[in-house]
Structures are given as structure tokens and as C-alpha cells.
Amino acid sequence: MDKRKYVGEAIPRVEDRRLVTGTSHYVDDIRLPEMLHMVLVRSPYGHARINRIETAAAEAMPGVVAVLTGEAIRGRIKSIPCASEMEGLKVPEHPVLAVERVRYVGEPVAAVVAKDRYTAQDAADRLEVEYEPLEVVVDVERAVAPGAPVIHEELGDNVAFVLRFEGGEALKAAFERADVVIEQRLVNQRLHPVAMEPRGVVAEYWPGEDRLTVWSSTQIPHLLRTQLAMMVGMAEHRVRVIAPEVGGGFGSKLNVYGEEALVAYLARELKKPVKWVETRRENMMSTIHGRGQINDVRVAVTRDGRVLGLEVRILSDLGAYHQLLTPGIPPLTGLMLSGPYKIPAIGYEIVGVFTNAMSTDAYRGAGRPEATYVLERVMDLIARQLEMDPVEVRVKNFPQPEEFPYETATGLAYDSGDYEAALRKALEVVEYEKLRQEQAERRQRGELMGIGISSYVEICALGPSAALPAGGWESATVRVEPTGKVTVLTGASPHGQGQETSFAQLVADELGVPLEDVYVVHGDTAVVPYGIGTFGSRATAVGGTAVYEAVQMVKEKVRSFAAHLLGVDWEEVEEGVGEYRSRRDPERVVSFQEVAQAAYLAKSLPPGVTPGLEATYFFEPSNFTFPFGTHVAVVDIDPETGEVKIRRYVAVDDCGRVINPLLVEGQIHGGIVQALGQALMEEVVYDEWGQLLSGDLSSYAVPRAGDVPWMETARTETPTTVNPMGIKGVGEAGTIGATPAIVNAVVDALAPRGVRHVDMPLTPEKIWRLLQGDAKA
Amino acid sequence: MIPSAFDYYAPKTVAEAVALLQQYGEEAKVLAGGQSLLPLLKLRLATPRVVVDLGRIPDLAYIRQDGNEVAIGAMTRHETVEQSEVVRRHCRLLAATAATIGDVQVRNRGTIGGSLAHADPAGDFPAAVLAAEARLKVVGPGGERWIAAEDFFVDVMTTALDAGEILTEIRVPVDSAHTRSAYEKVRQKASGFALCGVAVRLQLDENRRCQGVAVGVTGVGAKAYRARAVEEVLRGEALTETVVVAAAEKAAQGVEPSEDAQASAAYRAHLARVCTRRALRRALAEG
Amino acid sequence: MKKTIHVTINGREYEHEIEPRLLLVHYLREVVGLTGTHIGCETGLCGACTVMLDGRAVKSCLVLAVQADGGEVRTIEGLAEGGQLHPVQEGFWVKHGVQCGYCTPGMIMVACDLLERRKAPTVEEIRRALDGNVCRCTGYQHIIEAIQYAAGKLKASSADERGTSSGAPEA
């Protein structure tokens, strides 16, 4: 009999009551007595020397407590950390407040602390900074060209690293053997992550206890604590980091920012709580950006559409400094260049380049959307060139289910998959054949209708520690309290994904207790054992597995106590829902609560068993997981305005086993819409002087309700072999799978007009220009 | 995010407001619905010493029919214009235009007078009042005067309002049984403003010949403008598709379209033609 | 120059002396202490700060607190009555219209504005009503379903009321 009541069910989230009633606490909702407010003065120049900062007028204002410049705190706070390691990587000094030079618009130059936000802002406006503008370079190709201004003079030039790889069969031979070689430049534009809650930090220091508490809107409270302690020079165990309610991250809060250290430092110096909350414009200037890659692709293909080899040169726009994982993102693109296909020979070269712009770093998908975009555009280009159906090209190159674990030329072992099944299912839902017929008819009438397919595989559940800069495991504690209530501590620190519910579902089923008896705690380093965080679609696959393993340990102990109370052997305990019986004498029953109480009262202990009822497990995954799927977009283009309307959108995703299908659907929807944003409207724009032209929501378009199609979702379910529950992860599937589906659909719609490729974002004007024939792509 | 400090006055009469504006001159800003002014204040792109709030003056928000005109108080909210039975019956174009402005929160708060006096080159109402051939009542130190809509918009965020003058009323000739109108807009995706907006209002005779026409275009140039060249092609003609297409071709004639990160001049000019064509078609399809 | 304002918030009257430049959203959050209303941008384009002012949805970051003097404000905190969630709140919960929750209060308030005027809005009408509100997590689909759910629920409860007053038996 399956006793599971919760796992697999679409259960509304337990965290939502506080969220729908406005009673939860985000960082800006935290108010402490005597709290001061920090406002930053940021560089208006993309590249300049700081000649002088005049602070006196600001300092003299009533209510102003402190004004800090980079010079004044030189050496007091360590450089903003970069955790990525790579041979030959150049790592520039990255001060929390600029010293002598600024290198991007928005770089913090001074901090003003005052009794309230309004006063701090007034004082910040009084600060006079004298800059001497320097030559700016924001274009990556220009940045690596001879004569370009050097952003970090001490590093010689703007190349932060070069990474070369060749794997599988010989690449050169593959291209010699090819019937057809296709070349294309594919650009993944810079994006603003735009989490709805901007970043924010509150810090409080108790000098007597030498205790620093930092509330930050972060995805990684523990990693932040370690780094903060080092940056401000405190013992790590004196620092407590709390990630309260976090209003979205998408990777932008998977970082350690200068403001976090500044606020912590100030709270300690001033011995008063200090708060800083980012404005949206600051968020767009100086919270990490995503993507930013130019990929020059060459692919070797046989006449019948089989890919023999792939060669990609990746120019990666890193921005002015390294944030936590900046140089670590483009290598993920390289790693995933086989996509869901059998490509016998793969070579790539990645050049990481400094520019006068905000750092790029992990944004939902982080390197993998770029790889998927390369492959899925390439598949369509092959189909176009060889006059094949895009479906046929894909199917021809998929590995078969029996070939798993499938080893790619890039050195990965894909765990499990049936790529064709997902593709076929998507085609069935969308009624592909019928659509192609309709398209043929519409084309006859001169209408622009396109169908785009994207098959993807993503690398998730990050991951084995050997492959990550700071640990790939996750921790969990499951604690049964004396009353039988259950507390779960997870290091995964979710921020909108709903693990308070899904982990409770898992534990409630395992222990046979009601869902409401399980309380999931996260995001507080003083309460939760060290953990890694939520990113890379890892929280459920890695963090959930840690919970699963911990609860198995608790169950074993519960069984021991139950046997002891029942006076029978361990094997004779029959587990019911919330109760335990003697197999021999079914009349003898103890409840879960009685067991819990007995474990703590400890009047009588089973032999060799310690009191208490909790277990902690650190789960180290043996491999990544590789979710996959196929998305199909159907678009109509207004030939007069160039506007794209997505008429149908079908997503078939396989994320392995599912704990809560409602949450999975939510993740898919959200990811698709962010992908739609990249495909059609979003783009960070710096002008040649380094000014950010997309610096607020009136100039940077994010998808709104009216831009979004009704999404039809379906799943196939291929469990992973990497963890016992078979969970693969789903957080990034949408942004990875959807972007090329939409672009392919638009290019397909424009194909009769001779269009072979269009760079994102596919804005109406760009499409209109193509239709005018004035810009051939 | 935070406005710089200012003194705040909430006069109870237009005369008081005018006196305050006279007193503080350039240092004062007029606050109507605030949907354009507040962002400027918060970004400190405007740092007035004094804000004069018209929101406490009774009787600046009204809609009534007065003979062959509809009179709309300057402080009437977009939402009220959109929903008003009087406007819907007698000047459909204004209701249709109001419905496309920003979003519901902005429409609930923003005012027609504020929108016109702000004269954003991508605002919607300027196109509509041009096409509706409205006249605007302004009150200043020298008393009141009327300005034709066409003379009101001078340049980017600049109007014919003199120092100390306040826009108090908008008057629009009522629709007849032969009036047809439409507003066609392509939104700038991020801001909701018009990348291009074209308002047309036609008077047709029994044979669907164009007896009168006014076309207002916004979003394209430095200010909203009357597309006279379009009107000339239409006037007196039977409005066949051929005529409509030919007329629309002239939508950006004589205008220097703006060029910025959101759209090139060429695309804006193109949209002016497309929106004009579509607005005309929709107006003619009205019945 | 400070101003004294009187505002009714969620049925309770408040009197405060404030700076004229104080934004309504800061007044609600910092002075009154109602932090359920969020700030997501400074240009009035994200909708996170939406509240009801005199019965209509407004962005409280585009209103000065002095402008609300004498007015009536309803925030997310004032929606549930006696611990009973408003149907819109319930809809967001049941239909998973919430992920990170940051846009949620604004979304719920604008949905209330819509449902007060349109009893059974179409999907297109709902999309249009959400024009001023950005959600970066949900992709909007579950939010639309949440509002449809609430519309159904409100319709059922108003049918109930009619039923009770006319004494008509249940159909």
C-alpha cells in the first residue's frame, strides 16, 4: 500500500498566507531601533579618474552620521571576492568603494550614512566628486583590439582569460570529412535580471557580544557569511547572516556584493544598525547582468544532416570586474555545447574580456541558455541549408535512450533521457503536421507565420563539489521535536521556489505526519547548518535529497524507539501512518508523538541509541543531472509593424520525478516568460561613452501580462539515477529551452523573405528593417 | 527615489493657484495627477522649491455637455474620461484614447489637463485633442484666454502656457451622426507611452465623402502635430482604400521624427504611416 | 515646512505631521508601519506599490502622502476580514499565483480594482488590467487563473447574498 499522501500532489504552498496578506518580511521591512540609512554615490562615468571628493558639505548636514570614500577605508574592507578559479585567470582588485578610478557607470564611489533615507539622499547630492574622464570601451571586440583603452592597467590588457578545449574525435578531420560547413555568428545579448525585490542589506553589531547580524536579500546566506567575515575581518562564527523573505533572485543574488560588506562594516564602526536598499536604477546599474556572449559557430555536417563536429569561439563580455562567478559562467556554455545531440568532435575557445560595464554573472540558466541557443539555431540552419524538416535533423542527431549514460565530447556523462519522446509529445500537443499545412497555405497568401522548435538538455542539480568553486553538496537537518512536530532545516535557502512546501511534502510522507506538522526553516546561518544555496536548479535535487537522507536516518531512530516502546524487535515494527504496531500483536500501538516524547524524556533508551530525534545529512551528488525537453512556439508577424505575436506555446519538459507539479509548472511558466523577454524585448544597452541607456523600467522592457501567450505544458518523466528520488531539477528549464524556440519561429516566419538569422532581441523595428531588405542578417 | 524638499501649497481656487505661480515663478511646479511629475521629482530631474497642488480646487474635475461642445475640467482623471457616458456619446475619440494611456493605476490618477500641460512628445491625449480640434482654456494673471489645441504644443514638454498660467478646461466639439473617429497606437513596450499614436476624426456626408477631417500624431516628433498633408488628401474625397493609403503615406511629411534607443527616425515615420492607415480604416469601419 | 495629514487606512484613522515630499508608499511603510506594500522601481512602472486610494488602485510611489490627506487608503493588510482571506488572496494562493511574493500585494490590489468593476472579466481584460504590474517569477498565467478563480468566487458569494435576501431556494 502506498502511504504517500503528499508527494506528487499539486498542493498550494504553505508559505503563501504571509505573502498574500503582506505580512512577510523582506529586508526593507526590517526596522531596528536607532537604525541608520546608507545611500551610495555612484559613478556617472564609464571610465574616469577620481581627482577629488569633497565631503565637507555633506558631512555638515544635520542628521548625517558618516561619509565614506574609497580612499578613507582603503585596506579596511577586502576586495569583493571572485570564487571562480582558472589557470591564468586575471583577477583585478575590486574595492567596495572605488579608489582613484571608476570603471563602469554605477560603480560606488562614496557612502553616506544618515538618520533616515531622505536625509542620506540629500547629503549624497551634496557630495562633490571631480572626475577626469578616460576613454571608454564597452564593445568586446573593440576591447580586445590593439589600441583599446586598458581597463586594469596593471593587468596589461583586457583579456581576463583564454580557455581552449578540444574533445572527442579530431575536429579538423571532422571538418575535412564534412559535406557541408555552416558558419554563423550568434549573439546572446546582455540582460538585466530584474528580480522584483531590489537588493537590500541591514546589519546590526553588538559590541559586548562581538556579534554581527546581517540581513541580506541573498540566495547564499552561508557562503555570504564566510566571505563577509573575511572581508570585514571578523571571525566567521561571530557573524550571522539571515536571508529573510527574498523577492526573487534569478542568479542576481547568488553573489557577494560590496554593499553587503559596506553595511556590515558601517554597523560595526558606528555601533548602530545600518540599512541600505537599492533603487531600481541602482539595481540595473550595479547588480550583475546576465549573458553577454558573442559566439562564432562553425558546424560540420553530412549531406543527410548528421553533425560531425562543432567549433565555437566565445567572446564573453565580463564587465569591469569579476563578481563571485563572473569568469565561471562562459565555461558552462563550453561544457554544454553537445546539447541533446551526439556530436563526435567539439572544440571551443573562450575569451573572457573586461569592458567598462557592470559585471556579468549567473542569470537564470547561466551559460546554458547560450549553449542551447547555439545548438538550436544551428539545427535550424542545417535544416534550412539541407532543405530538411527541423524535426528530422534533431531526431537524427539525438542519442537513443539505451545509449545513456551518454558521454559527450565535452566530457560530461548525461544521466538519463529520452529526447525523442519529449519532442514527439510536443509535436503531438501542438499538432505539428497540421500547423505546417496551415503555414503553407498562409505563405501562399503572403502571411508571416512561423513554427520554432527547441530541444534542449540542461546541466542541473549543481553539482559534484569537484566541479564547483565552493561546494556542490547540500545539508539538511530533520528534527522531530518532543511534541512530534517536525522541523526541517535546509541549507538550500529558497527564495520563491516553494521548498517550504515541497520539502514538507517529502518529510510528511516519510514520517507519516500531517503536512502542517512539518516546518521548513532556511536562510539563517545561526539556525541552519552550513549549506550552499539555491541556484543552478539544485535546491530540490540536491537539497531535497539531503532532506530525504536525513529523514531516513530519523526514521531508523524512530523505529528503534518504537520497537523499544512496543517491546519487540526492530524487524517486528509495522509502520503505519503516524503510528507503529507490533506485527505479532497488532493491538499494541505507539503513536509518532509517543515515540518523539520518549526519545527526549529518555527514561529508557533502546540499547546503543542516544536520546533526541534528529539527524543531519550532507548530500554530495555523484554527478549533475540532465533534465531535457522540447518547446514549440508558433508565431505570427505583423508585416507592417514587425510585431511578433506568439500564438501557441507548447512546452514538454522532463525534470525527472516531481514532488509538486504545481510548483514545477510555475517554474516552467516563469522561465519561458523570461526567455521570451530575451528573445523579443530585453537588452542592456551601453552607449559608446559607457552610459547605460537601459537603466530603468521605462527603457528596459520586461514582459508584461499582455506580452505573454497562454502556455501549454506537459511532461515526460525520466528519473535520474544520480539521487534516490530521481529528481532532476526544473528552475532554469524555461530560460534554457524557450529562447531558441521563439527565435526559430520568428526566423521560420521570415524565411520566405530570405531571412536566415536575426539577432536577439527580435524587436519590431529589427524585423521591419529585415522586411524592408535594408539589413541582411 | 526621493524628491528633494519643497514647500507645498494646495490652493482652494484657481486664482490662488495663479497667485502662487506668480509669486514663485520658475521655482514652482504645478501638480495635477502627478503621474508624470512624481517620477521627475523622484529622479530629481525636477527640483522645484514649491509645488502647487491643483487637487484641492473644487470644480476642476467635471464633464458636461455645453451646447455643441463637451467641456472637460482639467483635473478630470483619464479613467473618468474613458468611462464617461457624455464623452462616449459625444466625443468617442477622447474615451478611446484615454483607454490606451499607461495602465489602470495611471488612468485612475492622471488627469487630462496634466497630460496636456506636460506635453510629453509621446503622450496620448495631445494627439486626441488635436484630432478633436479642441480648444483649451487657460487662466493666468491677465485673466482667461482660449488656445486652439494646434497652437498649444510648442516643443518637447513645452506648451503655449505663459508663466503663471494654468490649463483649466478642454472643450471638444460634439460628434454628429456623421462623425467617425479612432485612435491607433503602437506602445513603447517598456513605458507604455506611444512609440506612435494617431488620432483621426472624420466628418462624412451621406456618400461617405470626407467633409471634415483632423489627424493628430504623437510619439513621432518633438511634439504632437496635426498631419495636415494627410488631411488635404482626404478632404472632399470619397474615402476608398486607395485614398486612405495615399493619405496615410503623408503622415510624417514635414516632420523631423525623433531618434532614440527606443526607435529610429525611419521606423517612427513608418509607424506614423501605418497607424494613420489603420486609424482611418478603423474609423471608417465604425459604422 | 511640515504638513499635518489625516488619512483613513484600512478603516483606521491616522494623523501625522509629515514633510510634503514624503511619498505615500514611504508614509505607509515607514510612518504607519504597513510594510506589505512594496517598492519595486522609482518610475511608477512595476506596480508593486499599488494600493487603493479612495476606492481606486493607484501606485503609491506616484502619490505624495499630502495628496492622500482626507482620503481613504486600503492596503494589502486591510483585505482579509476577521482572518478570512479575500477571494483574490485565496485565488493567488490556490492557483499558485505567488512565487517570490514581492509583486503579489500590488497584483492583488489591482485585481481587486478590476473585479470591483468587471464581475466576469475575460482573459484579455485581465491581461490589460495587469498592464502596470510586473511579475518576474510566475509568467502571469497562474495570476490570470487566480483572478478568474476570485471572480468565480465573488460571483458565487453575491449569488448567495441575493439568494438569502429573496429567500429563494438553492438552485
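Note that the coordinates shown come from a computational prediction; the quantities given were computed from them, not determined experimentally.

Residues and elements named next belong to chain C. For chain C, the domain assignment lists domain 1 (3-78) and domain 2 (87-162). Measuring from the centre of the C-alpha atoms in domain 1 to the corresponding centre in domain 2 gives 22 Å. Contacts between the two partners involve 18 residues from domain 1 and, on the opposite side, 15 residues from domain 2. Of the roughly 1,300 Å² buried between domain 1 and domain 2 on both sides combined, carbon and sulfur atoms contribute 56%. When residues of domain 1 are sorted by the area they lose upon contact with domain 2, His-38, Met-52 and Ile-76 head the list and together hold 37% of the total. Of the charged contacts, one joins Asp-113 and Arg-56 as a salt bridge, the two residues approaching to 3.0 Å between their closest N and O atoms. Scanning the region where domain 1 abuts domain 2 turns up 7 residue pairs in polar contact (both at pLDDT 80 or more). Broken down by secondary-structure element, the contributors of at least two residues to the side of domain 1 that touches domain 2 are β3 (50-53) and β4 (56-59). Of the residues belonging to the side of domain 1 that touches domain 2, the class tally is 8 nonpolar, 7 polar and 3 charged.

This part takes up the packing of aromatic side chains. Throughout the structure, instances matching the rule amount to 16 aromatic pairs over all chains. Seen in terms of ring centroids, Tyr-341 of chain A and Phe-398 of chain A are 5.6 Å apart; in terms of plane orientation they differ by 5 degrees. Their pairing is stacked. With Tyr-341 of chain A in the loop between α9 (329-335) and β15 (345-354) and Phe-398 of chain A in the loop between α11 (390-397) and β16 (406-407), this residue pair connects regions lying 57 residues apart in the sequence. Like Tyr-341 of chain A, the residue Phe-398 of chain A is buried in the burial classification. Ring geometry for Phe-152 of chain B and Phe-153 of chain B: centres 5.3 Å apart, planes at 90 degrees, overall edge-to-face. Pair check on accessibility: Phe-152 of chain B and Phe-153 of chain B agree, each one buried. Among the aromatic residues, those joined into a ring-pair cluster are Tyr-341, Phe-398, Phe-404, Tyr-419 and Phe-628 of chain A. A cation over an aromatic ring shows up here: Arg-298 of chain A above the ring of Phe-175 of chain A, its NZ or CZ 4.3 Å from the ring centre.

On to the interface of chain A and chain C. Counting residues at the interface gives 53 residues for chain A, matched by 52 residues for chain C. Across the chain A/chain C interface, buried area totals approximately 4,600 Å², and carbon plus sulfur atoms make up 55% of it. When the area that chain A buries against chain C is broken down by residue, the three leading residues are Tyr-118, Met-196 and Trp-710 of chain A, summing to 18%. Taken together, the links from chain A to chain C amount to 5 salt bridges.

Next up on the list: the interface of chain A and chain B. In this assembly, 24 residues from chain A lie in contact with 20 residues from chain B. Taken together, both faces of the contact between chain A and chain B bury some 1,900 Å²; the carbon and sulfur share is 54%. Interface area lost by chain A to chain B is led by Glu-640, Glu-765 and Trp-768 of chain A, which between them contribute 28%. Run the count over chain A and chain B and you get 6 salt bridges. Between Asp-122 of chain A and Arg-44 of chain B there is a salt bridge, with its nearest N and O atoms 2.7 Å apart. Viewed at the interface, chain B and chain A are joined by 13 residue pairs in polar contact (both at pLDDT 80 or more). Of all the elements in the fold, those that place two or more residues in the side of chain A that touches chain B are α3 (117-126) and α19 (764-772) of chain A. Of all the elements, α3 of chain A adds the most residues to the side of chain A that touches chain B, at 5 residues. Of the residues in the side of chain A that touches chain B, the class split is 8 nonpolar, 5 polar and 11 charged.

What counts and how
Residues numbered from 1 in each chain as written. Chains lettered and ligands numbered in written order. Predicted model: local features only at pLDDT ≥ 70, side-chain atom pairs only at ≥ 80, totals over all residues. Heavy atoms only, no water. Domains from an automatic or database assignment. Contact = heavy atoms within 4.5 Å. Buried area = accessible area lost by both parts, 1.4 Å probe. Salt bridge = Lys/Arg side-chain N within 4 Å of Asp/Glu carboxyl O. Polar contact = N/O pair within 3.5 Å; in protein donor to acceptor, adjacent residues only side chain to side chain. Helix = DSSP H or I, 4+ residues; strand = E, 2+ residues; numbered from the N terminus. Nonpolar A, V, L, I, M, F, W, Y, C, P; charged D, E, K, R; others polar. Phe/Tyr/Trp six-rings, centres within 6.5 Å; stacked < 30°, edge-to-face > 60°. Buried < 20%, exposed > 50% of the residue type's maximum accessible area, 1.4 Å probe, protein only. Lys NZ or Arg CZ within 6 Å of the ring centre and 35° of its normal.

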